[in-house]
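A structural walkthrough
Residue-level listing of the chains:
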Amino acid sequence: MEVTEQKQKQVDYEFPKDFWWGSSSSATQMEGAAAMDGKGQNIWDYWYEQEPNRFHNGIGPAETSGFYYRYKEDIRLMKQIGHNSFRFSISWSRLIPNGTGAVNKKAVAFYQNVIDELLHHDIEPFVNLFHFDMPMSLQEKGGWESREVVDAYSEYASICFELFGDKVKKWFTHNEPIVPVEGGYLYDFHYPNVIDFRRAVQVGYHTQLSSALAIQKYREQQQNGQIGIILNLTPSYPRSNNPADLEASRIADAFFNRSFLDPSVKGEFPKDLLDILREEGYMPSYTETDVAIIRTNTVDLLGVNYYQPRRVKAKENAVHPDAPFMPDRFFDSYEMPGRKMNVHRGWEIYEKGIYDILINLRDNYGNIPCFISENGMGVEGEEKFRDDSGIIQDDYRIKFIQDHLRWTHQALEEGVNVRGYHLWTFMDNWSWMNAYKNRYGFVSVNLEKGGERTVKKSGEWIKKVVQQNGF
Ligand code: BGP
């Protein structure tokens, strides 16, 4: 009786038994050792060599957070703060330095050690195959624009399943596949810094095809695990219910969400997106055989990344007839007055977005098994929150997580098949052009002190949440 009362008082939001608690990360952002032990260059290593000025404070991907050397200490800390699962990615250019051909034995040993170490601590490895890091030798062959590179990826995926599939039972083909399309081929924030809608469409289509091919390979190997994809399903909220705003949001959603969500879960691209591509003359080159592969190889499991909403409105001004074709031809972004902000990162906070995504998956995507694979709060200058005892007092992050977990819990109560919550990220890491500007971790990485790890207040807090399976 007493115990029940105490439990009731402690936990207002109880999560299902076996809920996945943990965090997510990526190879380029945390391994470091970018030129060590035979790793080949990827597009980040190369781009940094060419234009170091494009990275915050000129810090490149060479020595990010040092997980390559310190993985044992880091995994111990994961255990300490209660993780039962952890997502990382394999660096394609570490495993297969030229993208195809010889496998790097030192890389095999490293990933094997990481997997063993996680399992030793009862932390389930969730392994992602591609997190923005195309091997440079394959970028030189056209990257995702090239059908040959799609085959190279499917070969790489197959090698990963053979090497690690006996122990890894959760696989992901891509993280946020729309981002390299946007960054590399539309808006100039990833290498190869192309701005060309036609090429962007080809890249997107080939990426989706590569995912389906990897799924096919995985099923052929019959390893009794699950394979999925991780998508940033940022909802597109219209400014108003005016039909022009609604239309703007529908089209933004087709370009940025349903473009990967529909083929990944349903095996087909959204009709309204295809209509636009056909009408405007931007269909990618494809074969019926490949389309059939996409149709039949859909995911078992979906990872949902959510940080902030996208708000859109109808175009304020007509587009110049000679302007190059861009998705933004159909909508403008909209800053909602009175919106709540994470002032430390300049992103809106809208917790209910996480619920809206989950309900959409329940109602329109067959209630597919899913989990929150990234959510988190970036903070610039977080060192200022370190107190005299050396701990970062990140109460704002605890509040952010609580508020998103409440909506996740609500979705669970309403029957959504949501299986877990992973924070971005375990420890502060390097982030693409922003380098170490925004900190996200449960654990701080003090760059001034040789990367010293210290658990933040949020790390202590999550430990309790996991112990109680709720808060
Ligand atoms: C997500 C990516 C992560 C990470 C995060 C934070 O979209 O999947 O890799 O970069 O964004 O980004 P930033 O450091 O730019 O705030």
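Above this text sits the structure in question.
First things first, this report covers the structure right here in the doc. (Residues numbered from 1 in each chain as written. Predicted model: local features only at pLDDT ≥ 70, side-chain atom pairs only at ≥ 80, totals over all residues. Heavy atoms only, no water.)

Around the ligand lies a shell of 14 residues, among which Gln29, Arg345, Ser431, Asn434 and Tyr440 are the nearest. At a separation of 2.6 Å, an oxygen atom of the ligand approaches a polar side-chain atom of Ser431. The contact in question runs from an oxygen atom of the ligand to an N or O atom on the side chain of Trp432, over 3.1 Å. Expressed as a share of its isolated accessible area of 390 Å², the protein-covered part of the ligand is 90%. At a threshold of 2 Å from the grid points, most atoms of the ligand map onto the largest pocket. Looking at the shell around the ligand, its residues break down into five nonpolar, six polar and three charged. (Near = heavy atom within 4 Å. Polar contact = N/O pair within 3.5 Å; in protein donor to acceptor, adjacent residues only side chain to side chain. Areas by Shrake-Rupley, 256 points an atom, 1.4 Å probe, with all protein chains shown as cover. 1 Å grid on protein atoms, 1.4 Å probe; cavity = no way out; pocket = protein on both sides within 12 Å on 5 of 7 lines; lining within 4 Å. Sits in = over half its atoms within 2 Å of the grid points. Nonpolar A, V, L, I, M, F, W, Y, C, P; charged D, E, K, R; others polar.)

Within a sheet, adjacent strands bond to each other through the backbone by hydrogen bonds, running parallel or antiparallel. In space, the three strands of this open sheet follow the order E6-E8-E9, with mixed pairing throughout. The outermost strands of the open sheet, each flanked by one partner alone, are strand E6 (236–238) and strand E9 (332–333). Along the sheet, helix H11 (residues 243–266) makes contact with E6 and strand E8 (310–313), crossing E6 at roughly 175°. (Pairing = 2+ DSSP bridges. Helix = DSSP H or I, 4+ residues; strand = E, 2+ residues; numbered from the N terminus. Contact = heavy atoms within 4.5 Å. Axes fitted to C-alpha atoms, helices over the stretch in contact; angles between N-to-C directions.)

Taken as a whole and judged by the stated rule, the model has 38 salt bridges. Salt-bridge contacts for Arg54 lead to Asp188; the nearest nitrogen and oxygen are separated by 3.3 Å. Taken together, the residues Arg54 in the loop between helix H3 (43–50) and helix H4 (67–80) and Asp188 in the loop between helix H9 (178–185) and helix H10 (197–220) connect sequence positions 134 residues apart. Accessibility expressed as a relative area gives 25% for Asp188, which makes it partly exposed. Among the ionic pairs, Asp428 bridges to Arg439, the shortest N-O distance being 3.3 Å. With Asp428 in the loop between strand E14 (418–424) and strand E15 (438–439) and Arg439 in strand E15, this residue pair connects regions lying eleven residues apart in the sequence. Each member of the salt-bridge network shares a partner with another, and the members are Glu382, Asp394, Arg397, Asp428, Arg439 and Lys456. (Salt bridge = Lys/Arg side-chain N within 4 Å of Asp/Glu carboxyl O. Buried < 20%, exposed > 50% of the residue type's maximum accessible area, 1.4 Å probe, protein only.)

Turning next to the layout of surface pockets. By volume, the largest pocket is sized at about 1,100 Å³. What lines the largest pocket is a set of 37 residues, among which Phe189, Tyr307, Gln308, Arg345 and Trp347 lie closest to the centre. The element best represented in the lining of the largest pocket is H9, accounting for three residues. Of the residues contributing to the lining of the largest pocket, the split by class is 14 nonpolar, 14 polar and nine charged. Put simply, the second largest pocket is a space of about 520 Å³. (Points joined across faces, edges and corners; volume = space filled by probe spheres on them.)

Function cannot be read off these values alone, since they describe shape.
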